[in-house]
There are 2 protein chains.
Amino acid sequence: MAAGLLVVLSGPSGVGKGTVCRQLFQLRPSLQLSLSLTTRPPRPEEKDGRDYEFTSPSRFQKLISGDAFLEWAVVYGHYYGTLKETVEANLDRGIDLLLEIDVQGALQVRRRLEEAVLVFLAPPSMEALRSRIAGRGTEDAVHLNRRLKAARQELSAYHLYDYLVINDGVEDAAASISAIIEAEKCKVKRGARPPAPGGEKR
Amino acid sequence: MAAGLLVVLSGPSGVGKGTVCRQLFQLRPSLQLSLSLTTRPPRPEEKDGRDYEFTSPSRFQKLISGDAFLEWAVVYGHYYGTLKETVEANLDRGIDLLLEIDVQGALQVRRRLEEAVLVFLAPPSMEALRSRIAGRGTEDAVHLNRRLKAARQELSAYHLYDYLVINDGVEDAAASISAIIEAEKCKVKRGARPPAPGGEKR
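All figures in this text were calculated on a predicted structure; none of them were measured in a lab. (Residues numbered from 1 in each chain as written. Chains lettered and ligands numbered in written order. Predicted model: local features only at pLDDT ≥ 70, side-chain atom pairs only at ≥ 80, totals over all residues.)

1. Description of the sheet that holds strand β3 (residues 37-38) of chain A
All names here are of chain A.
Then, in step 1: Ordered in space as β4-β3-β6-β5, the 4 strands form an open sheet in which the pairing is mixed. Edge positions in the sheet fall to β4 (53-54) and β5 (69-75), since each has one partner strand and no second.
Then, in step 2: Direction of pairing for β3 relative to strand β6 (residues 78-83): antiparallel, over a ladder of 2 bridges. Each residue of the ladder has a partner; that of Leu 37, found in β6, is Gly 81. (Pairing = 2+ DSSP bridges. Helix = DSSP H or I, 4+ residues; strand = E, 2+ residues; numbered from the N terminus.)

2. Digging into the environment of Phe69(A)
Then, in step 1: Within the element layout of this structure, Phe69(A) appears in strand β5.
Then, in step 2: Placed 63 residues apart in sequence, Phe69(A) and Arg132(A) show a C-alpha to C-alpha distance of 32 Å.

3. Description of the sheet that holds strand β4 (residues 53-54) of chain B
Residue and element names in this part refer to chain B.
Then, in step 1: The strand order across the open sheet built from 4 strands is β4-β3-β6-β5, with neighbouring strands paired in mixed fashion. On the outer flanks of this sheet lie β4 and β5 (69-75), each paired with one strand and no other.
Then, in step 2: Lying over the sheet, helix α3 (residues 84-92) contacts β5 and β6 (78-83), oriented at roughly 35° with respect to β6. (Contact = placed C-beta atoms within 7 Å. Axes fitted to C-alpha atoms, helices over the stretch in contact; angles between N-to-C directions.)

4. Description of the pairing of strand β8 (residues 117-122) of chain A
Residues and elements named next belong to chain A.
Then, in step 1: Burial within β8 is extensive, with 6 of its 6 residues counted as buried.
Then, in step 2: Side-chain alternation along β8 places Val 117, Val 119 and Leu 121 on one buried face and Leu 118, Phe 120 and Ala 122 on a second face that is also buried.
Then, in step 3: As paired elements, strand β1 (residues 6-10) and β8 share 4 bridges and run parallel to each other. Looking at β8, one finds that Val 8 is bridged to Leu 118.
Then, in step 4: Both β8 and strand β9 (residues 163-166) contribute to a ladder of 4 bridges, which runs parallel. Residue pairing for β9: Phe 120 is matched across the bridge by Leu 164. (Buried ≥ 20, exposed ≤ 12 C-beta atoms within 10 Å, placed from the backbone.)

5. Quick notes on the environment of Val188(A)
Then, in step 1: Along the chain, Val188(A) turns up in the segment after α7 (170-185).
Then, in step 2: For Val188(A), a count of 18 C-beta atoms within 10 Å gives the class partly exposed.

6. Some thoughts on the nonpolar core
Then, in step 1: Counting 106 residues, the largest nonpolar core has Val7(A), Val8(A), Val119(A), Val8(B) and Val119(B) as its most contacted members.
Then, in step 2: The contact partners of Val119(A), leaving out residues within four places of it in the chain, are Val7(A), Val8(A), Leu9(A), Tyr161(A), Asp162(A), Tyr163(A), Val165(A), Ile177(A) and Ile180(A). (Core = buried A, V, L, I, M, F, W, Y, C linked by C-beta atoms within 7 Å.)

7. What to know about unusual backbone geometry
Then, in step 1: One non-glycine residue with positive phi stands out, namely Tyr76(A), at about 50°.
Then, in step 2: Note on placement: Tyr76(A) falls in the loop between β5 and β6.
Then, in step 3: One non-glycine residue, Asp67(B), lies in the positive phi region at around 55°.
Then, in step 4: The topology assignment puts Asp67(B) in the loop between α2 (57-65) and β5.
Then, in step 5: On the basis of neighbour count, Asp67(B) is assigned to the exposed category, with 7 C-beta atoms found within 10 Å.

8. Description of the packing of helix α5 (residues 126-135) of chain B against helix α6 (residues 141-155) of chain B
All names here are of chain B.
Then, in step 1: Put simply, α5 and α6 touch, their axes get as near as 10 Å, and they point 145° apart. Between α5 and α6 lies a crossing of right-handed hand. Only Leu 144, Arg 147, Leu 148 and Ala 151 of α6 make contact with α5, whose side of the interface consists of Leu 129, Arg 130, Ile 133 and Ala 134.
Then, in step 2: Per-class residue counts for the contact of α5 with α6 are 6 nonpolar, no polar and 2 charged. (Left-handed = near helix turned anticlockwise from the far one by under 90°. Nonpolar A, V, L, I, M, F, W, Y, C, P; charged D, E, K, R; others polar.)

Right under this line is the structure:
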């Protein structure tokens, strides 16, 4: 059985990663979200074990000491990370995994798992991003500006990714990511093979 | 404007390249078939200027001497080739081109145009290929065996291609090639770019 594909999706805060991912899972039901651990408190709509595995800072730090993470990062004072063991077990079983993580995390994955596919989701324009972040209504002016500044920094890292998808529509963006997954599975260097040419009878 | 993509499609005789291509053009109407020149006489259903540009051996040899070909090959005693100038003019205009050529030709394209995307179409099994070739009804036993032998040789060249698509159904195979084109257009190293992060107003 072919090993699963590890797809890393990043993009600036507010670009619409969550919505695009939900649409992508509709298109590719076999794709699984790789659950991240975080020390951030759950938002009202979030469920432990579905959106994140919520955990304590002390447990998180123990896992860091034990080199248990494929990647981890601190974002706005909270820890986020992906356990190596979980990812490897799923890929070995042939499961395609989607990791929705930030730029710091994506680059750690690239260093440790060269065969990971890194996809960057970008807004169609900086204005579109600003309206999206402002439109959430959860941000005051200070936070809005901090997020926009972070977004600009994140955007400048796109060149470290394999693919860039512009989110100028949820369906098109999800279809493009789905096409990237399909194409990667056809890559000869990933092990795509014709039937054995030895003979007609096998 | 971004340059067009040059997609090279090869595969053993009888694998169903023609049928898959027709379906692919339905999926991607903007993709254009790059017309090959050939010295082979037209088959009854073929039209000059649509399927091939049919030409004389003497004109073909003059073009070879003038280094006018991106690739050319001799298959079963007939010349086939693609003019450099035509391909370059189309790519410069941002047109995506499909070249349906054999392994010899594909490797010449790879050497001259590194950014070409090489796709190999393979049968689901050698038996499926044999029935397809036999089923055409245009082949006697000698030709059938010659084609099967050639098919085995061609299959062994798959590892020189970027992608391998198994033709286990015309629609799926065409969808996979379409996904490969979509994915290649999202590649950062092909020039996919986010909006300029300079500011919100542009």
